[in-house]
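# Notes for the structure review
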Amino acid sequence: MFHSGAAGISWARRLLQRRPLFLDTETTTDGEPAEVVEVAVVGDDGTVLLDTLVLPQSPIAPSARAVHGIDAEQLAGAPSIAAVWPSLTQLLSGRTVIAYNVAFDRRVLERSAMRYGLPPLDAEWVCLMEAYASLTGRSRVISLSAASRENGIVLRGAHRAVADARATLALLAAMASGRAGTSRARFGSRV
């Protein structure tokens, strides 16, 4: 359960002390059934641990391509999710994994595992989108771009997996600092 105020700040600080990993995916569609076209994992210091395009079985929807800019030509020669899976499972095994929208990212990865008969990911998942809404007292969630803007996090390459994973890390750091979501928060973090 997420908390607001001092309890939320304390929660964010404890979470950072666990040295979590930050994950983001880009997909064939923003609806169902989405497939991964890019996956990235970054460490708690922003180091890129995994950054790869992934060749899906279905085409990229024009609406998704308009968001992330990944097209079929870029995916030519990219590995399948089955080829990426051993690296992904090794990185995430037994770790705390934070994604901005865990429900979406985890679901698309789980579907990929089922489709290819791959073992499930053994990780503890944390949704920063829900935590940020709770910390800021919102009754609804907002996008990663909007949360980043609120906190002065400058997104370079938004809607690409590495940039979004690093933005999630920067947002958790803002939450742990106690200044997240305030109109005065201007960290100038560049990700």
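Preceding block: the structure.
From a predicted model like this one, the values you see are computed outputs, not experimental measurements.

Another point: empty space enclosed by the protein. Counted under the stated rule, the structure contains two cavities of 30 Å³ or more. Space inside the largest cavity adds up to approximately 50 Å³. Lining the largest cavity we find Glu35, Val36, Val54, Leu55, Pro56, Ile81, Ser112, Arg115 and Tyr116. Per element, the largest residue contribution to the lining of the largest cavity is three residues, and it comes from helix H5 (residues 102–116). Forming the boundary of the second largest cavity are Gly31, Glu32, Ala34, Phe104, Arg107, Val108 and Arg111. Tallied by class, residues from the lining of the second largest cavity come to three nonpolar, one polar and three charged.

Okay, the sheet that holds strand E3 (residues 48–53) next. Reading across from one edge, E3-E2-E1-E4-E5 is the order of the five strands in this open sheet, with mixed pairing throughout. Whereas interior strands pair on both sides, the edge strands pair on one side only; in this sheet they are E3 and strand E5 (123–127). For this sheet the average axis-to-axis angle between neighbouring strands, irrespective of direction, equals 25 degrees. Inspection of the sheet shows strand E1 (residues 21–27) paired to strand E2 (residues 36–42) by six bridges, in the antiparallel sense. The residue of E2 that forms the bridge with Leu23 is Val41. Against the sheet, helix H6 (residues 128–135) makes contact with strand E4 (95–99) and E5, and its axis sits at roughly 40 degrees relative to E5, the strand it touches most.

Turning next to the environment of Gly8. Turning to its location among the elements, Gly8 is positioned in helix H1 (residues 5–17). Once the C-alpha coordinates of Gly8 and Val141 are considered, the two residues, 133 residues apart in sequence, prove to be 16 Å apart.

Rules used throughout
Residues numbered from 1 in each chain as written. Predicted model: local features only at pLDDT ≥ 70, side-chain atom pairs only at ≥ 80, totals over all residues. Heavy atoms only, no water. 1 Å grid on protein atoms, 1.4 Å probe; cavity = no way out; pocket = protein on both sides within 12 Å on 5 of 7 lines; lining within 4 Å. Points joined across faces, edges and corners; volume = space filled by probe spheres on them. Helix = DSSP H or I, 4+ residues; strand = E, 2+ residues; numbered from the N terminus. Nonpolar A, V, L, I, M, F, W, Y, C, P; charged D, E, K, R; others polar. Pairing = 2+ DSSP bridges. Axes fitted to C-alpha atoms, helices over the stretch in contact; angles between N-to-C directions. Contact = heavy atoms within 4.5 Å.

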